[in-house]
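# Observations on the model geometry
These are the residues of each chain, in order.
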Amino acid sequence: MNVLGYAQKLGKALMLPIATLPVAALLLRLGQGDLLDIPFMAAAGGAIFENLPLLFGLGIAVGLSVDGAGAAGIAGAVAYFVLTATTKTIDSTINMSFFGGIFAGIIAGHSYNAFHNTRLPEWLAFFSGKRLVPIVAGVFSVIAGAILGQIWPSIQSGLDSLAHGIANSGSIGEFAYGLLNRALIPVGLHHVLNSYFWFGMGSCQEVLISGAHSMGQALPALTKLCVDPTLAKSLVAGQEHTFQFNNVVTPEVTAVVNQVTETVKTGDLNRFFGGDLSAGKFMNGFFPVMMFGLPGAALAMYLAAPAERRSQVGGVLFSVAFCAFLTGITEPLEFLFVFLAPALYALHAVFTGLSLVVANMFGTLDGFGFSAGLIDFVLNWGLATKPVTLLVIGIVFFFIYFVTFSFAIKVFKLKTPGREDDAASESSASVAKQSKDGLAKQYLKALGGHENLANIDACITRLRLTVNDMSVIDEQTLKSLGAMGVVKLGNNNLQVVLGPLAEIVAGEMKSIDPNEDLSNVTLP
């Protein structure tokens, strides 16, 4: 497997543990004193965030295994515990954060693939097969931990320097991250980028406080802060301290230090929910784009479509636009135009980078447990800095997207939904009417049948396939069936962008008997 193909498979595996974040954020937020004030609910949500590296190890191990077996997940947990204990014993200052989970998951996933069918001598037969996998993963993790224990302090120092460099680069770093975040979506690698910014970049240490106030205003709901670890070491329990934050609304918080805990939060997302009042600068700018910008783009594409086709594309465009607004899930909308009009998508990537710059320029800070949609925006209103300002920025971006997309589509005669070639437009509009079983067989035949597919997988919006012979892939037929795009990653890795049907189609393709004759399946 080539590097790009492996990276996209790793990105897909990351989706499994990341999928736990919505429930974690919901429990953590609703349990806070300014909402339902249920401490055990908040603790339940916090427990998921605190153990996210372990969940990364479990999820990646299952995601990389050949059959998604639970034994791989157990091996991932074993590998994580062994790896982190080994490195910390060598050097107690090591904090691998989510990287520890990623390494453990990779070790466990490949250990499962290599040893889950291994047969041992009869006197050791009990440990054969899947029971052998956690043992092997543990051994490999000891070796990996011994190596990382020596080299990780230098790597950790480099990552810290990178984090400080990006954080201190201001608008340049914010713009670059926003641009890359969208630019990597077509190849499915944005999850790898996001994982570092949201779960690994920057750290803070939790401090329990009392009697907090800011600018003379009491902060009764604020019972903990997350501050720079270097500052935390200098704090003395029982003494009052003024904490400075790079935040135009709450520039400082004065409070009595009750306890300096050993809990360290890493990454913009973890720090935001952990009480770091300076976190959220790499999440806030997504709200204007996902809630407002992309719906504005959808409206522009709808009005640009010929009048006779608006009824065909309107339902699709408005449903995916509402999905982006409500939940922050944008891929179904983005893939409607990324391959039809890549210039528009490039403009969208630039606007995303610009949105992060503008959101931070006006001093807003916000975060999300899943994505930057209305649900997270409302849920985290009480944690956000200047949410009203962020809302106004979003409305402005709605008009920016609408005006620029409308202008570009009409002036440069770009193809967007409803403006494609007749055949492509009609096939795309009729996909939902086809029987799912028949559609899966059609896709399978257009991909060369089971004999051409070494692996069938899917994420939210795309089939992720390992193919034996790329030359037999019928791209035109795939697009006629409704595929929004086909992405080739090297000689053997293929992504077929289907939108929300992807996981359903993948499951049905797997269920088709490999010996079934597909010669009678009619293709468009």
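If you're wondering where the values come from, they're calculated on a predicted model, not measured in any experiment.

Definitions and cut-offs
Residues numbered from 1 in each chain as written. Predicted model: local features only at pLDDT ≥ 70, side-chain atom pairs only at ≥ 80, totals over all residues. Heavy atoms only, no water. Helix = DSSP H or I, 4+ residues; strand = E, 2+ residues; numbered from the N terminus. Rg over C-alpha atoms; globule rule 2.2 N^0.38 Å. Buried < 20%, exposed > 50% of the residue type's maximum accessible area, 1.4 Å probe, protein only. Lys, Arg positive; Asp, Glu negative; His and termini not counted. Charge placed at Lys NZ, Arg CZ, Asp CG, Glu CD. Salt bridge = Lys/Arg side-chain N within 4 Å of Asp/Glu carboxyl O. UniProt positions renumbered as here; feature names shortened; annotations may be inferred. Contact = heavy atoms within 4.5 Å. Pairing = 2+ DSSP bridges. Axes fitted to C-alpha atoms, helices over the stretch in contact; angles between N-to-C directions. Phe/Tyr/Trp six-rings, centres within 6.5 Å; stacked < 30°, edge-to-face > 60°. Polar contact = N/O pair within 3.5 Å; in protein donor to acceptor, adjacent residues only side chain to side chain. pLDDT = per-residue confidence, 0-100. Parallel < 35°, antiparallel > 145°, perpendicular 65-115°, else oblique. Left-handed = near helix turned anticlockwise from the far one by under 90°. Nonpolar A, V, L, I, M, F, W, Y, C, P; charged D, E, K, R; others polar. Disulfide = S-S within 2.5 Å. Expected span 1.5 Å × (residues − 1).

## Some thoughts on the overall build of the protein
The secondary structure content of the protein amounts to 21 helices and 9 strands. Its C-alpha radius of gyration of 25 Å places the protein within 12% of the 24 Å reference for a compact globule of 524 residues. With the C-alpha coordinates aligned to their principal axes, the bounding extent of the protein is approximately 80 × 70 × 40 Å. Across the 524 residues of the protein, 51% fall into the buried class. The average position of the 29 basic charges and that of the 35 acidic charges among the side chains of the protein differ by 4 Å.

## So, the pattern of salt bridges
Applying the stated criterion across every chain, the model contains 9 salt bridges. Of the charged contacts in the structure, one is a salt bridge between Glu206 and Lys224, with a shortest N-O distance of 3.8 Å. Of this pair, Glu206 sits in strand 1 (residues 203-214) while Lys224 sits in strand 3 (residues 224-227), and the two are 18 residues apart along the sequence. Measuring nitrogen to oxygen at the nearest pair gives 2.8 Å for the salt bridge that ties Glu516 to Lys441. In this pair, Glu516 sits in the segment after helix 21 (502-511) while Lys441 sits in helix 19 (residues 436-446), placing the two residues 75 residues apart along the sequence.

## Observations regarding the UniProt feature "active site" (unreviewed entry) in the protein
UniProt marks Cys459 with the feature "active site" (unreviewed entry), using the numbering shown here. Those residues within four positions of Cys459 in sequence are excluded, and the remaining contacts are Lys12, Arg464, Ala502 and Glu503.

## Focus on the sheet that holds strand 6 (residues 453-458)
Spatial ordering of the open sheet is given by 6-7-9-8, a layout of 4 strands whose pairing is antiparallel. What marks the edges here is a single partner per strand, and that holds for strand 6 and strand 8 (485-489). Adjacent strand axes in the sheet meet at a mean angle of 20 degrees when their direction is disregarded. The pairing of strand 6 with strand 7 (residues 462-467) spans 5 bridges and is classified as antiparallel. Paired with Asn455 across the bridge in strand 7 is Thr466. Packed onto the sheet, helix 21 meets strand 6 and strand 7 and runs at close to 145 degrees relative to strand 6.

## Considerations on the packing of aromatic side chains
For the structure on display, the rule yields 30 aromatic pairs. Centre to centre, the rings of Phe115 and Phe140 are 6.3 Å apart; their planes meet at 45 degrees, and the pair counts as tilted. Placement of the pair is Phe115 in helix 6 (residues 97-115) and Phe140 in helix 7 (residues 132-168), with a sequence separation of 25 residues. Overall, Phe140 belongs to the partly exposed group, its relative accessible area being 37%. Relative to Phe318, the ring of Tyr302 lies with its centre 5.0 Å away and its plane at 55 degrees, an arrangement referred to as tilted. Linking Tyr302 in helix 12 (residues 286-304) with Phe318 in helix 13 (residues 310-327), this pair joins segments that are 16 residues apart in sequence.

## Details of the side chain of Gln205
Locating Gln205 in the fold gives a position in strand 1. At 2.7 Å, the side chain of Gln205 and the backbone oxygen of Thr261 are in polar contact.

## Some points on the confidence of the model for the protein
Caution applies to low-pLDDT regions: their predicted coordinates should not be interpreted in detail. Chain-level pLDDT for the protein is 88 on average; 94% of the residues reach the 70-or-more range. Scored below 50 in pLDDT, residues 423-437 shows 18 contacts in the model against residues more than four places distant or in partner chains.

## A word on the packing of helix 15 (residues 342-361) against helix 17 (residues 387-411)
For the pair helix 15 and helix 17, the least separation of the axes is 11 Å and the interaxial angle reads 160 degrees. As judged from the angle between their axes, helix 15 and helix 17 are roughly antiparallel. Crossing geometry of helix 15 relative to helix 17 is assigned as right-handed. Across the interface between the two elements, Leu344, Leu347, His348, Phe351, Thr352, Leu354, Ser355, Val358 and Ala359 of helix 15 pack against Leu390, Ile393, Phe397, Ile400, Tyr401, Thr404, Phe405, Ala408 and Ile409 of helix 17. Partitioned by chemical class, the residues of the contact of helix 15 with helix 17 number 14 nonpolar, 4 polar and no charged.

## Describing the environment of Ala114
For Ala114, the position within the fold is in helix 6. In this structure Ala114 comes out as exposed when scored by relative accessible area, which is 51%.

## Points about the state of the cysteines
Taken as a whole and assessed by the stated rule, the structure comprises 1 disulfide. Between the sulfur atoms of Cys204 and its disulfide partner Cys226 the distance amounts to 2.0 Å. Given an S-S torsion of about 90 degrees, the disulfide between Cys204 and Cys226 has right-handed geometry. On the criterion of sequence distance, the pair formed by Cys204 in strand 1 and Cys226 in strand 3 is long-range, its members being 22 residues apart. The pair Cys204 / Cys226 is uniform in exposure class, with both members buried.

## A few points about the environment of Arg462
On the secondary structure map, Arg462 appears in strand 7. For Arg462, a relative accessible area of 0% puts it in the buried group. Here the alpha-carbon distance between Arg462 and Val227, two residues 235 residues apart in the chain, equals 40 Å. At 2.9 Å, the side chain of Arg462 forms a polar contact with the side chain of Gln495.

## A closer look at helix 15
Taking 1.5 Å as the rise per residue, helix 15 with 20 residues should run 28 Å; its terminal C-alpha atoms sit 29 Å apart, in good agreement. Downstream of helix 15 by one or two residues, Gly363 has phi in the positive range, about 80 degrees.

## Section: the packing of helix 8 (residues 171-183) against helix 9 (residues 190-199)
Two packed helices can be described by the angle between their axes and the distance between those axes. The geometry of helix 8 relative to helix 9 is characterised by a closest axis approach of 8 Å and an angle of 150 degrees between their N-to-C directions. Compared by their axis directions, helix 8 and helix 9 come out roughly antiparallel. Crossing angle aside, the handedness with which helix 8 passes helix 9 is left-handed. Contacts between helix 8 and helix 9 involve Tyr177, Leu180 and Asn181 on the former and, on the latter, His190, Leu193, Asn194, Phe197 and Trp198. A per-class count over the contact of helix 8 with helix 9 returns 5 nonpolar, 3 polar and no charged.

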